[in-house]
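Here's the letter readout for the chains.
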Amino acid sequence: MRDNGTMMEEEMDTSDDAENKRLASQNWDCSLHLPLWVSETEKAAIEDRIEEWTKQMEDSGADIALIASCLKKPLRPLWISQKTVIWLNEVPDHDSWDFTPIILVSASSSSSIYQHRTTSEFSWNYIAGAGDDEESWARCLSPSLFWHHAYDIISSGPDLCNQKVADIVEKDRVYRAQRGQTAPQVTVKPSRVSDSTSDLSEIEHSLYLNLYNHNGTLESCDEDQAVFWLGSTNLAVGTTQLAAHVSDVDCILNCDQNSCSVCLQDSEAYLHLPMVSSKLDRFSILSNLPAAVNFAKVNLSKGNKLLVCCCNGEDISICVCLAILTSLFSDAGTFDDGESFHNTCITKWEMRRRLVFICKFAVSARPSRGNLKQVFAFLTGQRSPSSGPQYRDANQEEHCQMG
(Lines give C-alpha, C1' and ligand atoms only; values in the text may rest on other atoms or scores of the structure.)
Protein backbone atom coordinates (compact mmCIF):
# COMPACT_ATOMS: atom_id res chain seq x y z
CA MET A 1 0.00 0.00 0.00
CA ARG A 2 1.12 3.54 -0.64
CA ASP A 3 1.91 5.64 2.42
CA ASN A 4 0.05 8.82 3.28
CA GLY A 5 2.99 10.97 2.22
CA THR A 6 2.91 9.63 -1.35
CA MET A 7 -0.84 10.14 -1.61
CA MET A 8 -0.55 13.71 -0.34
CA GLU A 9 2.17 14.48 -2.90
CA GLU A 10 -0.04 13.17 -5.73
CA GLU A 11 -2.97 15.25 -4.53
CA MET A 12 -0.73 18.33 -4.39
CA ASP A 13 0.52 17.67 -7.93
CA THR A 14 -3.06 17.33 -9.18
CA SER A 15 -4.02 20.55 -7.43
CA ASP A 16 -1.00 22.36 -8.91
CA ASP A 17 -1.89 21.15 -12.43
CA ALA A 18 -5.44 22.42 -12.05
CA GLU A 19 -4.21 25.78 -10.80
CA ASN A 20 -1.70 26.08 -13.65
CA LYS A 21 -4.44 25.35 -16.19
CA ARG A 22 -6.68 27.95 -14.60
CA LEU A 23 -3.98 30.62 -14.71
CA ALA A 24 -3.06 29.75 -18.29
CA SER A 25 -6.68 29.93 -19.44
CA GLN A 26 -6.91 33.52 -18.22
CA ASN A 27 -4.59 34.54 -21.07
CA TRP A 28 -6.51 32.67 -23.76
CA ASP A 29 -7.73 34.53 -26.81
CA CYS A 30 -11.47 33.85 -26.60
CA SER A 31 -12.55 36.42 -29.18
CA LEU A 32 -14.62 35.42 -32.20
CA HIS A 33 -12.62 34.33 -35.26
CA LEU A 34 -14.44 33.95 -38.57
CA PRO A 35 -13.47 33.44 -42.23
CA LEU A 36 -12.62 36.54 -44.25
CA TRP A 37 -15.73 36.16 -46.40
CA VAL A 38 -18.09 36.68 -43.42
CA SER A 39 -19.36 40.25 -43.43
CA GLU A 40 -19.05 42.58 -40.44
CA THR A 41 -22.83 42.68 -40.13
CA GLU A 42 -23.08 38.92 -39.87
CA LYS A 43 -20.14 38.83 -37.47
CA ALA A 44 -21.90 41.30 -35.18
CA ALA A 45 -25.08 39.22 -35.31
CA ILE A 46 -23.12 36.11 -34.32
CA GLU A 47 -21.41 37.91 -31.45
CA ASP A 48 -24.78 39.00 -30.09
CA ARG A 49 -25.90 35.38 -29.80
CA ILE A 50 -22.76 33.82 -28.31
CA GLU A 51 -24.03 34.08 -24.72
CA GLU A 52 -27.34 32.49 -25.72
CA TRP A 53 -25.60 29.61 -27.47
CA THR A 54 -23.23 29.17 -24.53
CA LYS A 55 -26.21 28.82 -22.18
CA GLN A 56 -27.81 26.28 -24.53
CA MET A 57 -24.58 24.29 -24.62
CA GLU A 58 -24.42 24.24 -20.83
CA ASP A 59 -28.04 23.10 -20.60
CA SER A 60 -27.68 20.40 -23.27
CA GLY A 61 -26.40 17.78 -20.86
CA ALA A 62 -23.06 17.41 -22.63
CA ASP A 63 -20.09 16.70 -20.34
CA ILE A 64 -18.44 20.07 -20.90
CA ALA A 65 -16.29 19.84 -17.76
CA LEU A 66 -14.57 16.67 -19.00
CA ILE A 67 -13.77 18.25 -22.37
CA ALA A 68 -12.57 21.49 -20.77
CA SER A 69 -10.25 19.59 -18.42
CA CYS A 70 -8.44 18.11 -21.43
CA LEU A 71 -7.87 21.43 -23.19
CA LYS A 72 -4.48 23.08 -22.95
CA LYS A 73 -5.38 25.80 -25.47
CA PRO A 74 -8.65 27.48 -26.49
CA LEU A 75 -10.68 25.96 -29.32
CA ARG A 76 -10.81 27.85 -32.61
CA PRO A 77 -12.57 26.79 -35.83
CA LEU A 78 -10.78 26.85 -39.18
CA TRP A 79 -12.87 26.70 -42.36
CA ILE A 80 -11.91 24.71 -45.44
CA SER A 81 -13.98 25.42 -48.56
CA GLN A 82 -13.79 24.54 -52.24
CA LYS A 83 -11.67 27.64 -52.83
CA THR A 84 -9.22 27.05 -50.00
CA VAL A 85 -5.58 26.65 -51.07
CA ILE A 86 -3.18 25.19 -48.51
CA TRP A 87 0.57 25.00 -49.07
CA LEU A 88 1.56 22.10 -46.81
CA ASN A 89 5.18 23.24 -46.53
CA GLU A 90 3.98 26.56 -45.10
CA VAL A 91 1.70 25.14 -42.40
CA PRO A 92 3.38 25.62 -38.99
CA ASP A 93 3.63 22.76 -36.53
CA HIS A 94 0.43 22.55 -34.49
CA ASP A 95 2.40 22.73 -31.22
CA SER A 96 3.40 26.28 -32.11
CA TRP A 97 -0.21 27.45 -32.44
CA ASP A 98 -1.78 29.29 -29.51
CA PHE A 99 -5.11 27.51 -30.04
CA THR A 100 -6.52 24.03 -30.65
CA PRO A 101 -7.93 23.96 -34.22
CA ILE A 102 -11.29 22.49 -35.15
CA ILE A 103 -11.24 21.89 -38.91
CA LEU A 104 -14.64 22.57 -40.51
CA VAL A 105 -15.00 21.35 -44.09
CA SER A 106 -17.76 22.91 -46.19
CA ALA A 107 -19.32 20.95 -49.04
CA SER A 108 -20.76 24.19 -50.44
CA SER A 109 -19.09 26.98 -52.36
CA SER A 110 -17.95 29.99 -50.31
CA SER A 111 -19.40 32.29 -52.96
CA SER A 112 -22.98 33.47 -52.53
CA ILE A 113 -23.41 33.68 -56.30
CA TYR A 114 -25.00 30.64 -57.90
CA GLN A 115 -22.77 29.21 -60.59
CA HIS A 116 -24.24 26.67 -62.92
CA ARG A 117 -21.81 24.12 -64.29
CA THR A 118 -23.31 21.75 -66.78
CA THR A 119 -20.15 19.62 -66.90
CA SER A 120 -19.97 19.12 -63.14
CA GLU A 121 -21.60 16.23 -61.29
CA PHE A 122 -22.21 18.46 -58.28
CA SER A 123 -24.35 21.59 -57.89
CA TRP A 124 -22.76 24.79 -56.71
CA ASN A 125 -25.83 26.20 -54.97
CA TYR A 126 -26.16 25.70 -51.22
CA ILE A 127 -28.69 23.14 -50.00
CA ALA A 128 -29.28 23.00 -46.25
CA GLY A 129 -28.24 19.65 -44.81
CA ALA A 130 -26.55 18.45 -47.98
CA GLY A 131 -23.28 18.09 -46.11
CA ASP A 132 -24.86 15.30 -44.04
CA ASP A 133 -25.40 13.25 -47.19
CA GLU A 134 -22.13 11.49 -47.99
CA GLU A 135 -23.63 9.92 -51.11
CA SER A 136 -23.75 13.38 -52.67
CA TRP A 137 -20.35 14.84 -51.93
CA ALA A 138 -18.13 12.26 -50.18
CA ARG A 139 -18.66 9.42 -52.65
CA CYS A 140 -20.47 7.35 -49.97
CA LEU A 141 -17.47 7.53 -47.62
CA SER A 142 -18.94 7.44 -44.11
CA PRO A 143 -17.12 9.07 -41.14
CA SER A 144 -16.06 5.70 -39.71
CA LEU A 145 -14.67 4.58 -43.07
CA PHE A 146 -12.82 7.86 -43.52
CA TRP A 147 -11.11 7.78 -40.15
CA HIS A 148 -10.22 4.11 -40.58
CA HIS A 149 -8.46 4.89 -43.87
CA ALA A 150 -7.58 8.58 -43.43
CA TYR A 151 -3.84 8.23 -43.99
CA ASP A 152 -4.27 5.89 -46.96
CA ILE A 153 -6.67 8.34 -48.63
CA ILE A 154 -4.43 11.34 -48.03
CA SER A 155 -1.26 9.54 -49.16
CA SER A 156 -2.94 8.41 -52.39
CA GLY A 157 -2.71 11.98 -53.70
CA PRO A 158 -5.14 14.01 -55.85
CA ASP A 159 -4.89 11.76 -58.91
CA LEU A 160 -5.78 8.52 -57.11
CA CYS A 161 -7.92 9.86 -54.27
CA ASN A 162 -11.32 9.24 -55.88
CA GLN A 163 -10.37 5.74 -57.01
CA LYS A 164 -9.04 4.93 -53.55
CA VAL A 165 -12.29 6.07 -51.95
CA ALA A 166 -14.34 4.04 -54.45
CA ASP A 167 -12.37 0.90 -53.59
CA ILE A 168 -12.75 1.46 -49.84
CA VAL A 169 -16.50 1.94 -50.17
CA GLU A 170 -16.85 -1.15 -52.39
CA LYS A 171 -14.76 -3.23 -50.02
CA ASP A 172 -17.04 -2.24 -47.14
CA ARG A 173 -20.15 -2.98 -49.24
CA VAL A 174 -18.91 -6.48 -50.10
CA TYR A 175 -17.97 -7.13 -46.48
CA ARG A 176 -21.49 -6.19 -45.34
CA ALA A 177 -23.17 -8.15 -48.12
CA GLN A 178 -21.27 -11.30 -47.22
CA ARG A 179 -22.70 -11.04 -43.72
CA GLY A 180 -26.28 -10.54 -44.81
CA GLN A 181 -26.36 -6.81 -43.99
CA THR A 182 -28.02 -4.14 -46.10
CA ALA A 183 -25.45 -3.25 -48.75
CA PRO A 184 -26.92 -1.59 -51.86
CA GLN A 185 -24.74 -1.21 -54.92
CA VAL A 186 -23.29 2.29 -55.15
CA THR A 187 -22.70 4.04 -58.48
CA VAL A 188 -20.61 7.20 -58.57
CA LYS A 189 -19.65 9.03 -61.76
CA PRO A 190 -15.92 8.43 -62.27
CA SER A 191 -13.53 11.35 -62.37
CA ARG A 192 -11.07 11.90 -65.20
CA VAL A 193 -7.57 10.70 -64.36
CA SER A 194 -4.70 13.07 -65.03
CA ASP A 195 -2.45 12.37 -68.02
CA SER A 196 0.54 12.38 -65.68
CA THR A 197 -0.56 9.17 -64.05
CA SER A 198 0.41 5.72 -65.21
CA ASP A 199 -1.86 3.38 -67.14
CA LEU A 200 -5.33 3.32 -65.55
CA SER A 201 -5.68 -0.45 -65.81
CA GLU A 202 -2.48 -0.92 -63.81
CA ILE A 203 -3.68 1.52 -61.18
CA GLU A 204 -7.04 -0.18 -60.82
CA HIS A 205 -5.37 -3.58 -60.60
CA SER A 206 -3.04 -2.38 -57.85
CA LEU A 207 -5.84 -0.83 -55.83
CA TYR A 208 -8.03 -3.87 -56.36
CA LEU A 209 -5.37 -6.05 -54.75
CA ASN A 210 -5.37 -3.73 -51.75
CA LEU A 211 -8.96 -4.72 -51.03
CA TYR A 212 -7.67 -8.01 -49.69
CA ASN A 213 -5.31 -8.90 -46.87
CA HIS A 214 -2.30 -11.18 -47.29
CA ASN A 215 -4.47 -14.27 -46.85
CA GLY A 216 -6.64 -13.32 -49.81
CA THR A 217 -9.76 -12.68 -47.71
CA LEU A 218 -11.72 -9.50 -47.22
CA GLU A 219 -10.99 -7.45 -44.14
CA SER A 220 -13.56 -5.50 -42.16
CA CYS A 221 -13.62 -1.71 -42.49
CA ASP A 222 -15.95 -1.34 -39.51
CA GLU A 223 -15.03 0.01 -36.13
CA ASP A 224 -15.31 -2.46 -33.27
CA GLN A 225 -19.00 -3.17 -33.09
CA ALA A 226 -20.74 -3.16 -29.72
CA VAL A 227 -24.07 -2.98 -27.96
CA PHE A 228 -24.37 0.40 -26.26
CA TRP A 229 -26.39 0.53 -23.04
CA LEU A 230 -27.99 3.93 -22.44
CA GLY A 231 -27.06 4.49 -18.84
CA SER A 232 -29.36 2.71 -16.37
CA THR A 233 -32.44 2.88 -18.60
CA ASN A 234 -32.44 -0.86 -19.50
CA LEU A 235 -32.41 0.37 -23.09
CA ALA A 236 -29.63 -0.59 -25.52
CA VAL A 237 -28.84 0.06 -29.17
CA GLY A 238 -26.80 -1.98 -31.61
CA THR A 239 -26.64 -3.70 -34.99
CA THR A 240 -28.93 -6.47 -36.18
CA GLN A 241 -25.88 -8.65 -36.71
CA LEU A 242 -25.08 -8.48 -32.99
CA ALA A 243 -28.70 -8.99 -31.92
CA ALA A 244 -28.50 -12.66 -32.83
CA HIS A 245 -25.65 -13.21 -30.37
CA VAL A 246 -26.41 -11.02 -27.34
CA SER A 247 -27.24 -12.88 -24.15
CA ASP A 248 -27.95 -10.14 -21.63
CA VAL A 249 -31.21 -8.79 -23.10
CA ASP A 250 -34.79 -9.88 -22.46
CA CYS A 251 -36.43 -8.51 -25.60
CA ILE A 252 -35.43 -7.18 -29.02
CA LEU A 253 -36.97 -4.56 -31.28
CA ASN A 254 -35.60 -5.08 -34.79
CA CYS A 255 -35.91 -2.04 -37.08
CA ASP A 256 -33.92 -3.59 -39.92
CA GLN A 257 -35.54 -4.50 -43.21
CA ASN A 258 -34.45 -8.10 -42.65
CA SER A 259 -35.51 -10.25 -39.73
CA CYS A 260 -32.94 -12.10 -37.63
CA SER A 261 -32.78 -15.33 -35.68
CA VAL A 262 -32.75 -14.70 -31.93
CA CYS A 263 -32.77 -16.91 -28.84
CA LEU A 264 -35.29 -15.49 -26.38
CA GLN A 265 -37.33 -17.35 -23.80
CA ASP A 266 -40.55 -15.55 -24.69
CA SER A 267 -41.64 -15.64 -28.34
CA GLU A 268 -43.44 -12.31 -27.83
CA ALA A 269 -40.20 -10.67 -26.70
CA TYR A 270 -39.14 -10.12 -30.32
CA LEU A 271 -40.77 -7.56 -32.60
CA HIS A 272 -39.72 -6.92 -36.19
CA LEU A 273 -40.77 -3.53 -37.56
CA PRO A 274 -39.06 -3.03 -40.94
CA MET A 275 -38.08 0.61 -41.40
CA VAL A 276 -36.14 2.42 -44.09
CA SER A 277 -34.41 5.80 -44.21
CA SER A 278 -36.32 8.95 -45.10
CA LYS A 279 -34.48 8.98 -48.45
CA LEU A 280 -36.52 5.91 -49.42
CA ASP A 281 -39.74 6.58 -47.49
CA ARG A 282 -40.50 9.87 -45.75
CA PHE A 283 -42.98 8.24 -43.36
CA SER A 284 -41.47 4.80 -42.70
CA ILE A 285 -40.21 5.58 -39.20
CA LEU A 286 -43.13 7.82 -38.30
CA SER A 287 -45.71 5.16 -39.13
CA ASN A 288 -43.88 2.50 -37.08
CA LEU A 289 -43.07 4.53 -33.98
CA PRO A 290 -46.45 4.00 -32.21
CA ALA A 291 -45.98 0.21 -32.30
CA ALA A 292 -42.30 0.54 -31.35
CA VAL A 293 -43.00 2.74 -28.33
CA ASN A 294 -45.88 0.51 -27.21
CA PHE A 295 -43.63 -2.59 -27.41
CA ALA A 296 -40.99 -0.78 -25.37
CA LYS A 297 -43.57 0.39 -22.83
CA VAL A 298 -44.91 -3.12 -22.21
CA ASN A 299 -41.45 -4.61 -21.72
CA LEU A 300 -39.70 -1.80 -19.86
CA SER A 301 -42.59 -1.59 -17.38
CA LYS A 302 -41.76 -5.21 -16.42
CA GLY A 303 -38.11 -4.32 -15.85
CA ASN A 304 -36.99 -6.12 -19.00
CA LYS A 305 -33.82 -5.14 -20.84
CA LEU A 306 -34.61 -4.01 -24.39
CA LEU A 307 -32.25 -3.96 -27.37
CA VAL A 308 -33.20 -1.76 -30.34
CA CYS A 309 -31.28 -2.68 -33.47
CA CYS A 310 -30.98 -1.77 -37.15
CA CYS A 311 -28.57 -2.57 -39.96
CA ASN A 312 -25.78 -0.28 -38.72
CA GLY A 313 -26.86 0.71 -35.19
CA GLU A 314 -26.16 4.35 -36.04
CA ASP A 315 -29.30 5.88 -37.52
CA ILE A 316 -32.77 4.32 -37.46
CA SER A 317 -32.25 2.46 -34.16
CA ILE A 318 -30.93 5.68 -32.60
CA CYS A 319 -34.06 7.54 -33.75
CA VAL A 320 -36.34 4.83 -32.33
CA CYS A 321 -34.45 4.93 -29.02
CA LEU A 322 -34.86 8.70 -29.00
CA ALA A 323 -38.64 8.35 -29.39
CA ILE A 324 -38.77 5.71 -26.63
CA LEU A 325 -36.56 7.68 -24.26
CA THR A 326 -38.56 10.88 -24.74
CA SER A 327 -41.96 9.16 -24.55
CA LEU A 328 -41.40 6.88 -21.56
CA PHE A 329 -38.63 8.36 -19.41
CA SER A 330 -38.29 11.40 -17.18
CA ASP A 331 -35.69 14.10 -17.70
CA ALA A 332 -33.50 12.26 -15.18
CA GLY A 333 -33.57 9.08 -17.27
CA THR A 334 -36.04 7.18 -15.06
CA PHE A 335 -38.85 5.10 -16.56
CA ASP A 336 -42.16 6.77 -15.64
CA ASP A 337 -44.54 5.14 -18.14
CA GLY A 338 -44.94 8.39 -20.09
CA GLU A 339 -45.98 10.67 -17.20
CA SER A 340 -43.31 13.30 -17.90
CA PHE A 341 -44.01 13.16 -21.62
CA HIS A 342 -47.72 13.87 -21.16
CA ASN A 343 -46.90 16.89 -19.00
CA THR A 344 -44.24 18.35 -21.28
CA CYS A 345 -44.51 20.24 -24.54
CA ILE A 346 -41.76 18.69 -26.62
CA THR A 347 -39.63 21.19 -28.51
CA LYS A 348 -36.71 20.60 -30.85
CA TRP A 349 -34.43 21.78 -28.06
CA GLU A 350 -35.84 19.21 -25.64
CA MET A 351 -35.45 16.46 -28.22
CA ARG A 352 -31.88 17.58 -28.86
CA ARG A 353 -31.09 17.25 -25.15
CA ARG A 354 -32.33 13.66 -25.15
CA LEU A 355 -30.24 12.95 -28.24
CA VAL A 356 -27.14 14.28 -26.47
CA PHE A 357 -27.88 11.84 -23.63
CA ILE A 358 -27.99 8.94 -26.10
CA CYS A 359 -24.78 10.04 -27.82
CA LYS A 360 -22.93 9.95 -24.49
CA PHE A 361 -23.25 6.17 -24.59
CA ALA A 362 -23.82 5.29 -28.27
CA VAL A 363 -20.61 6.90 -29.51
CA SER A 364 -21.16 5.84 -33.14
CA ALA A 365 -24.61 7.46 -33.37
CA ARG A 366 -25.21 9.68 -36.41
CA PRO A 367 -28.97 9.94 -37.04
CA SER A 368 -29.92 11.64 -40.30
CA ARG A 369 -31.85 14.87 -40.47
CA GLY A 370 -34.84 13.35 -42.30
CA ASN A 371 -35.20 10.54 -39.77
CA LEU A 372 -34.99 12.93 -36.82
CA LYS A 373 -37.75 15.02 -38.38
CA GLN A 374 -40.00 11.96 -38.27
CA VAL A 375 -39.25 11.45 -34.57
CA PHE A 376 -40.13 15.07 -33.85
CA ALA A 377 -43.32 14.73 -35.87
CA PHE A 378 -44.28 11.69 -33.80
CA LEU A 379 -43.49 13.37 -30.48
CA THR A 380 -45.56 16.44 -31.39
CA GLY A 381 -48.61 14.43 -32.39
CA GLN A 382 -48.27 14.41 -36.15
CA ARG A 383 -48.95 11.24 -38.09
CA SER A 384 -48.20 9.69 -41.42
CA PRO A 385 -50.91 9.54 -44.11
CA SER A 386 -51.47 5.82 -43.49
CA SER A 387 -51.26 5.83 -39.67
CA GLY A 388 -54.03 5.61 -37.14
CA PRO A 389 -54.92 7.91 -34.23
CA GLN A 390 -52.40 10.39 -32.95
CA TYR A 391 -50.21 9.26 -30.07
CA ARG A 392 -50.41 12.41 -27.95
CA ASP A 393 -53.73 12.81 -26.16
CA ALA A 394 -55.97 15.85 -25.80
CA ASN A 395 -54.70 16.72 -22.31
CA GLN A 396 -51.13 16.89 -23.57
CA GLU A 397 -52.07 19.08 -26.53
CA GLU A 398 -53.90 21.42 -24.15
CA HIS A 399 -50.81 21.58 -21.93
CA CYS A 400 -48.64 22.55 -24.92
CA GLN A 401 -51.05 25.29 -25.94
CA MET A 402 -51.13 26.69 -22.39
CA GLY A 403 -47.29 26.53 -22.22
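Given the structure is predicted, the values throughout are model-derived calculations rather than measurements.

(A) Local environment of the sheet that holds strand S7 (residues 306-310). The five strands lie next to each other as S3-S4-S7-S5-S6, forming an open sheet whose pairing is mixed. Bordering the open sheet on either side are strand S3 (228-229) and strand S6 (270-272), each of which pairs with just one other strand. Relative to strand S4 (residues 235-239), S3 is paired through two bridges, and the arrangement is antiparallel. By the bridge assignment, Phe228 is partnered in S4 with Val237. Contacting strand S5 (251-254), S6 and S7, helix H10 (residues 284-300) crosses the sheet at an angle of about 175° to S5. Against the sheet, helix H11 (residues 316-328) contacts S4, S5 and S7, and its axis sits at roughly 145° relative to S7.

(B) Quick look at the layout of surface pockets. Within this model, the second largest pocket holds a volume of roughly 990 Å³. Lining the second largest pocket are 24 residues, with Ile50, Thr54, Met57, Leu75 and Ile102 sitting closest to its centre. Elements supplying a minimum of two residues to the lining of the second largest pocket: helix H2 (40-59), helix H3 (64-70) and strand S1 (75-80). Here the lining of the second largest pocket takes six residues from H2, the largest share from any one element.

(C) Spotlight on the pattern of salt bridges. For the structure shown, the criterion picks out nine salt bridges. One salt bridge connects Arg366 with Glu314, and the closest N-O pair in it is separated by 3.1 Å. Highlighted residues: Arg366 in the loop between helix H13 (348-361) and helix H14 (369-379) and Glu314 in the loop between S7 and H11, separated in sequence by 52 residues. The exposure class assigned to Arg366 is partly exposed, which follows from its relative accessible area of 31%. The salt bridge partner of Glu350 is Arg354, with a shortest N-O separation of 3.2 Å. Taken together, the residues Glu350 and Arg354, both in helix H13 and four residues apart, mark about one turn of the helix. Three or more residues joined by partner-sharing salt bridges are found here, namely Asp331, Glu350, Arg353 and Arg354.

(D) Representation of the environment of Ala365. Tracing the backbone shows Ala365 in the loop between H13 and H14. Looking at Ala365, the relative accessible area reads 17%, which means it is buried. C-alpha of Ala365 to C-alpha of Gly313: the two residues are 52 residues apart in sequence and 7.3 Å apart in space. Apart from the residues lying within four places of it in its own chain, the contact partners of Ala365 are Glu314, Ile318 and Cys359.

Basis of the calculations
Residues numbered from 1 in each chain as written. Predicted model: local features only at pLDDT ≥ 70, side-chain atom pairs only at ≥ 80, totals over all residues. Heavy atoms only, no water. Pairing = 2+ DSSP bridges. Helix = DSSP H or I, 4+ residues; strand = E, 2+ residues; numbered from the N terminus. Contact = heavy atoms within 4.5 Å. Axes fitted to C-alpha atoms, helices over the stretch in contact; angles between N-to-C directions. 1 Å grid on protein atoms, 1.4 Å probe; cavity = no way out; pocket = protein on both sides within 12 Å on 5 of 7 lines; lining within 4 Å. Points joined across faces, edges and corners; volume = space filled by probe spheres on them. Salt bridge = Lys/Arg side-chain N within 4 Å of Asp/Glu carboxyl O. Buried < 20%, exposed > 50% of the residue type's maximum accessible area, 1.4 Å probe, protein only.

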